[in-house]
Amino acid sequence: MATKQILVPDIGDFSDVAIIDVYISEGDVIEVDDPVIALESAKAVTDIPSPYAGTIKKVHVKEGDLVSKDSLLADIEVEEAEQKQEETDKKVETQHEEIVEQPQEETGREEDKEPQKEEKEEVPPKKAPVNAQQPGAVYHATPSVRQYARELGVELSSVEGSGPHGRITREDVQQLVKSVLKSGSVASTPVSFELEDFSVYGEIERKPLTRIQKISGPHLQRSWQTIPLVTQFDEADVTDLETFRHTLKEEMARVPKEQQVKISILPFIVKAVTAALDAYPELNSSYDGASGELIIKKYRHIGIAVDTPDGLMVPVLRDADKKGVKEIAAELSLLGEKARNGKLGTKDISGASFSISSLGGIGGTMFTPIINPPEAAILGVSKITKKPMWNGKEFVPRDMLPLSLSYDHRVIDGALGARFVTYLSSLLGDIKRILL
Ligand code: CAO
């Protein structure tokens, strides 16, 4: 038995580097290369491994201490007094470069190149978008966890660290592998970003995501990563439609209360969309990548994004083409109510062939809706504003409705997207055309 000192090895041209984690305590039995502390410099987080195996007798540092080369970290009682410091110094240098995912200058030394090469080789080619390392990002994990992740082919950028300071643990890696196996898809795994301890800048609060957000988040992410979408914008002149709607509203105020239905512009948009889908059925479809075919749906089930306290829900208005505006309005109001009260059943949320996301009641000029797979397109609706429009002789005030159509560019080309939205605008500009 002999007592040895664990010192900070040569970590490059750094001094007074802050300790952000101390992994060891007195009495811990550790192995060679087990991490002792984590250091944080401006560019990197570096774990310092132990050059000895044995029992920790005394820890000389704490979180926040500043250390440099040869600072004393701990005393360790070892059985073998074999000196491995030189070897370990070399390893630390290598690990440091592994952690700093920054472009490195070419040094020409073989040991400098190897770890980066190793990391690159492990990127599974078909899973690249989600598993690709974030350029310049730093992933905090002990050498043994890094080794473990490498063995399983897991990129650290995909793993959410649950340890102190967001450190990635062995369990985090296991959890990711389990979830990927369960879902059968790496693309559903959220990319995690290295988070700082924001509380050093000011007060913070942690708010868990709702159950719906946890479900819809990966779905939206998968849509965003797999569907090359284009968003086509347009403005529909709905001045005449608004005049008609206000007349309806006045009429509605005179019928018995139980028969009254609130008619916003949305039911008209739903109706116009079904007519535009009749003219351009490719937008009412799903892409079957396996067969290379477009599955065109003959039904018009319209998904409507509804804001609820628990997150976004998309109830489905079935056979909207067969319903009148009043019926659509009544059903929309019922679906909205059910969504907000958490009362939607499976049937209420399944089978949409095209979706509409309306933020018109809230505000904003335009936005880019994300396609709700396996649908091929989604219409975003923003707030009507009065704008001066040129009628050939003069500027006149008109009610303009902003529309944003996002579509899957693999199956819908730009000309078709533009034709659809232009036709939809013309229908909303002259709603009588729906009868044609
Ligand atoms: N421009 C201007 N005003 C509009 C409008 C538009 N495009 N769309 C609706 N409005 C008005 C309505 O006329 C109504 O005005 P009044 O209160 O004066 O009658 C007000 O905005 C609120 O409308 P609403 O939201 O209650 O009704 P809706 O028919 O437009 O929408 C429903 C129904 C169920 C979609 C809605 O309740 C809802 O949840 N909206 C939020 C949608 C949402 O969160 N989308 C998220 C998309 S994220 O991808």
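Residues numbered from 1 in each chain as written. Predicted model: local features only at pLDDT ≥ 70, side-chain atom pairs only at ≥ 80, totals over all residues. Heavy atoms only, no water.

## So, the pattern of salt bridges
Once the charged atoms of two side chains with opposite charge are near each other, the side chains can pair. Rules: Think of a salt bridge as a Lys or Arg side-chain nitrogen and an Asp or Glu carboxyl oxygen that are within 4 Å of each other. Numbered from the N terminus, helices here are DSSP runs of H or I no shorter than four residues, and strands are runs of E no shorter than two.
Counting across every chain of the model gives 14 salt bridges. In this structure, R398 engages D237 in a salt bridge whose closest nitrogen and oxygen atoms are separated by 2.7 Å. Linking R398 in strand β19 (residues 395-408) with D237 in strand β9 (residues 229-237), this pair joins segments that are 161 residues apart in sequence. The partner of D399 in a salt bridge is K386, and the shortest N-O contact between them spans 2.9 Å. Pair noted here: D399 is in strand β19 and K386 is in strand β18 (residues 385-390), with a separation of 13 residues, a long-range link. Ionic contacts of the salt-bridge type, sharing partners, join the residues D237, D240 and R398 into one network.

## Description of helix α9 (residues 325-340)
Residues lying three or four places apart along an α-helix face the same way, a consequence of the helix completing one turn every 3.6 residues. Our working definition: In this analysis, the expected span of each helix is defined as 1.5 Å times one less than the number of residues it contains. Only protein chains enter the accessibility calculation, which uses a 1.4 Å probe; a residue whose area is less than 20% of its type maximum is buried, one above 50% is exposed, and one in between is partly exposed. Our arc is simply the arc of the directions from the helix axis toward the C-beta atoms. Contacts are residue-level and defined by heavy atoms, with any inter-residue pair within 4.5 Å sufficient.
Between its terminal C-alpha atoms α9 stretches 22 Å, which fits the 22 Å expected from 16 residues at 1.5 Å a residue. All of the buried residues along α9 are V325, I328, A329, L332, L335, G336 and A339. Taken end-on, α9 shows its buried residues confined to a sector of 135°, consistent with a single buried face. Considering only its buried residues, α9 is in contact with α8 (266-279), β12 (302-304), β13 (306-308), β14 (311-313) and β15 (316-317). Positive backbone phi, approximately 65°, marks G342, located one or two places after α9.

## Overview of a negative patch on the surface
Defined as follows: The patches described consist of residues with a relative accessible area above 30% and no salt bridge, like charges being joined within 9 Å and nonpolar side chains (Val, Leu, Ile, Met, Phe, Trp, Tyr) within 5 Å. Here the Shrake-Rupley method, with its probe set to 1.4 Å, supplies the accessible areas, and only the displayed protein chains count as covering residues. Note on charges: Lys and Arg go in the positive column, Asp and Glu in the negative column, and His and the chain ends are not counted at all. Just so you know, the charge point we use is NZ for Lys, CZ for Arg, CG for Asp and CD for Glu.
A cluster of acidic residues, E40, E194, E196 and D197, forms a negative patch at the surface. Its place among the elements puts D197 in the loop between α5 (170-183) and α6 (211-226). Classification of D197 by relative accessible area gives partly exposed; the value is 39%.

## Remarks on the packing of α8 against helix α10 (residues 414-429)
Applied cut-off: Here the axes come from fitting lines to C-alpha atoms, over the contacting stretch only for helices, and the angles between their N-to-C directions go from 0 to 180 degrees. These descriptions rest on fixed angle ranges, namely under 35 degrees for roughly parallel, over 145 for roughly antiparallel, 65 to 115 for roughly perpendicular, and the rest for oblique. For any helix crossing, the convention is left-handed if the near helix is rotated counterclockwise from the far helix by under a right angle, and right-handed if that rotation is clockwise. Note on residue classes: Ala, Val, Leu, Ile, Met, Phe, Trp, Tyr, Cys and Pro are nonpolar, Asp, Glu, Lys and Arg are charged, and everything else, Gly too, is polar.
Running from N to C, α8 and α10 point in directions that differ by 135°, and their axes come no closer than 9 Å. By the angle between their axes, α8 is oblique relative to α10. By crossing handedness, the relation of α8 to α10 is classed as right-handed. Contact residues: F268, I269, A272, V273, A275, A276, L277 and A279 in α8; F420, Y423, L424, L427 and L428 in α10. Taken together, the residues of the contact of α8 with α10 break down into 13 nonpolar, no polar and no charged.

## Regarding the site of the ligand
For the record, the criterion: Near, as used in this document, describes a residue that has one of its heavy atoms within 4 Å of the molecule or strand being considered. We define a polar contact as two N or O atoms separated by no more than 3.5 Å, with the added condition that, inside protein, one atom must be a possible hydrogen donor and the other a possible acceptor, whereas residues neighbouring each other in sequence contribute only through side-chain atom pairs.
In the vicinity of the ligand lie 22 residues, with S264, D307, S357, S382 and I384 positioned nearest. Between D307 and the ligand, the recorded distance is 3.3 Å, taken from a backbone N or O atom to an oxygen atom. In this structure, R340 approaches the ligand through a side-chain N or O atom, which is 3.3 Å from an oxygen atom. Burial of the ligand by the protein chains amounts to 71% of its free accessible area of 960 Å². Looking at the shell around the ligand, the elements with two or more residues in it are α7 (239-254), β13 and β16 (354-358). Residue composition of the shell around the ligand, by class: 10 nonpolar, 6 polar and 6 charged.

## Overview of the sheet that holds strand β6 (residues 54-59)
The pairing of strands in a sheet happens through backbone hydrogen bonds and is either parallel or antiparallel. Spelled out, the test is: At least two bridges found by DSSP between two strands are what make those strands a pair.
A sheet is described by the order of its strands in space; here 4 strands give the open sequence β1-β8-β6-β3, paired in antiparallel fashion. Looking along the sheet, the strands with just one partner apiece sit at the ends: β1 (2-7) and β3 (29-30).

## Description of the pairing of strand β10 (residues 285-288)
Judged from the 4 bridges that link them, β10 and strand β11 (residues 293-296) form a sheet pairing that is antiparallel. The residue bridging D288 from the neighbouring strand is E293, located in β11. Taking the residues between adjacent antiparallel strands as the criterion, β10 and β11 are bridged by 4 residues, where G292 takes a positive phi near 70°.

## Thoughts on α10
Compared with the 22 Å implied by 1.5 Å per residue over 16 residues, the 22 Å span of α10 between its first and last C-alpha is a close match. All of the buried residues along α10 are L416, G417, F420, V421, L424, S425, L427 and L428.

## What to know about the confidence of the model for the protein
The criterion, for reference: Values of pLDDT, the confidence the predictor places in each residue, fall between 0 and 100.
Of the residues in the protein, 80% reach a pLDDT of 70 or more, and the chain-wide mean stands at 82. Segment residues 83-90 is flagged for pLDDT under 50; beyond a separation of four residues in sequence, or across chains, it makes 13 contacts in the model. Contacts for the low-pLDDT stretch residues 92-138, under 50 throughout, to residues beyond four places or in other chains number 80 contacts.

## Here's the deal with the nonpolar core
Soluble, globular proteins show a tendency: their nonpolar side chains are buried together. To keep things clear, this is the line we draw: What is meant by a nonpolar core is a set of buried Ala, Val, Leu, Ile, Met, Phe, Trp, Tyr and Cys residues, joined one to another through side-chain atoms within 4.5 Å.
Counting 50 residues, the largest nonpolar core has F354, I356, L379 and L428 as the members making the most contacts within it. Going through the elements one at a time, α7, α8, β12, α9, β16, β17 (377-381), β19 and α10 are the ones with two or more residues in this core. A per-element tally of this core places α8 first, with 9 residues. Sequence-distant contacts of I356, defined by excluding residues within four places in its chain, comprise L266, I269, V270, V273, I302, G303, I304, A305, I378, L379 and V381. Judged by nonpolar contacts, the second largest core, of 20 residues, contains I19, I37, L39 and I48.

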